[in-house]
Amino acid sequence: LKSVLDAATGVLVLGVGLDGRVTVFNRGAERLLGYSAEEVIGKASPLIFFDPVQLQVRSDELAARLGRPLRSGEVFAHRSVRDTRREWICVRKDGSRFVLAMDITAIRADDGRLLGHLGAGHDVTQRLEHERSLREARAAAEQAAQAKAAFLATMSHEIRTPMNGVIGMTSLLLDTPLTEQQREFTEVIRQSGEGLLVVINDILDYSKIESGRLDLERAVFDLRECVESSVDLLSARAAEKGLNLLYHLDEGVPETVTG
């Protein structure tokens, strides 16, 4: 049995008798804690391997739950019948610390008498550090997303105000005497401004989606007018390339659509 335990150098195995002294201390325990088996077996209490502040806190919690003071080592052994793994802050011989995930099992004789307890555990410090880094990265990403949404909302509001001025001025300009070409150009400016305003409102909607405050609506719109305005926006670019940009609506297409 000792050979098997010593071969498990990556696992700390710690046995404790009913007198509260160490009975088993394998090579994994020597490697993780820095003590030799000769120093602790039959001589030391396992309490010297654990952070005293954490021990006191957990002892007080367990004593409050049980409604009585704890017996020596009961803070470890109480949960052994439930096979519950717990994480403990351990203190090495040189004073350095690590986190140990440990399972504790009651050791009994054939007649059921309790002989002691055996704990087996491994160092989970790096795993916990990795999990902490992931949590911090996630929190930073969430904070960045919130900052982005706030920026989009603020920027969109700031752009929408002058765009309303552009659209308003083009509407007033259309009410003045204009040549046919001037009227056509002004109308494109107005439609472009309204199109940009739609984009700005979409950006505001995206920020609302991220904050969970988006309300969807159904609206009736003129399909022909929608297509014509889209073609008008692209016609100048098409003309620069020597292209004729046309559209065709089938007779069966409705004039108004709900979307």
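Whatever comes next refers back to the structure up there.
Residues numbered from 1 in each chain as written. Predicted model: local features only at pLDDT ≥ 70, side-chain atom pairs only at ≥ 80, totals over all residues. Heavy atoms only, no water.

Chemist: What's the story with the pattern of salt bridges in this structure? I'm lost.
Modeler: A side chain of one charge can pair with a side chain of the opposite charge when the charged atoms of the two come close. All told, the structure shown has 11 salt bridges when counted by the stated rule. A salt bridge links Arg127 to Glu87; the shortest N-O distance between them is 2.7 Å. Of this pair, Arg127 sits in helix H6 (residues 125–174) while Glu87 sits in strand E3 (residues 86–91), and the two are 40 residues apart along the sequence. Where Arg190 meets Glu194, a salt bridge forms, and the shortest distance between an N and an O atom there is 2.7 Å. Here Arg190 pairs with Glu194, and both are found in helix H7 (residues 180–210), just 4 residues apart, close to one helical turn. Note on Arg190: relative accessible area 18%, which makes it buried. Look at the salt bridges and you will find they share partners, linking Glu87, Arg127 and Glu131 into a network. (Salt bridge = Lys/Arg side-chain N within 4 Å of Asp/Glu carboxyl O. Helix = DSSP H or I, 4+ residues; strand = E, 2+ residues; numbered from the N terminus. Buried < 20%, exposed > 50% of the residue type's maximum accessible area, 1.4 Å probe, protein only.)

Chemist: Would you mind showing me how to read a nonpolar patch on the surface here?
Modeler: Residues Leu233, Leu234 and Leu245 make up a contiguous nonpolar surface patch of roughly 260 Å² in combined accessible area. Residue classification places Leu233 among the partly exposed residues on the basis of a relative accessible area of 40%. (Patch = residues over 30% accessible without salt bridge, like charges linked within 9 Å, V, L, I, M, F, W, Y side chains within 5 Å. Areas by Shrake-Rupley, 256 points an atom, 1.4 Å probe, with all protein chains shown as cover.)

Chemist: What should I look at first to understand the nonpolar core in this one?
Modeler: Nonpolar side chains in soluble globular proteins generally cluster together in the buried interior. Membership of the largest hydrophobic core comes to 23 residues, with the highest contact counts inside it found for Leu14, Phe25, Leu33, Phe49, Phe50 and Phe76. Mapped onto this core, the elements with two or more residues apiece are strand E1 (12–17), strand E2 (22–25), helix H2 (27–33), helix H3 (37–40), helix H5 (74–77), E3 and strand E4 (97–108). For this core, the element with the highest residue contribution is E4, accounting for 4 residues. Setting aside residues up to four positions removed in sequence, Phe50 forms contacts with Leu14, Leu55, Phe76, Trp88, Ile89, Cys90, Val91 and Met102. (Core = buried A, V, L, I, M, F, W, Y, C linked by side-chain atoms within 4.5 Å. Contact = heavy atoms within 4.5 Å.)

Chemist: Whenever I open this one, helix H4 (residues 52–66) confuses me. Can you help?
Modeler: Owing to its 3.6 residues per turn, the α-helix brings residues three or four apart onto one side. With 15 residues, H4 should reach 21 Å at 1.5 Å per residue; the first-to-last C-alpha distance of 21 Å fits that figure. Every buried residue of H4 is accounted for by Gln54, Leu55, Arg58, Ser59, Leu62 and Ala63. End-on view of H4: buried residues confined to an arc of 155 degrees, all on one side of the axis. Residues of H4 that are exposed and angled more than 90 degrees away from the buried face: Val53 and Ala64. One or two positions beyond H4, positive phi appears at Gly67, with a value near 75 degrees. (Expected span 1.5 Å × (residues − 1). Arc of directions from axis to C-beta.)

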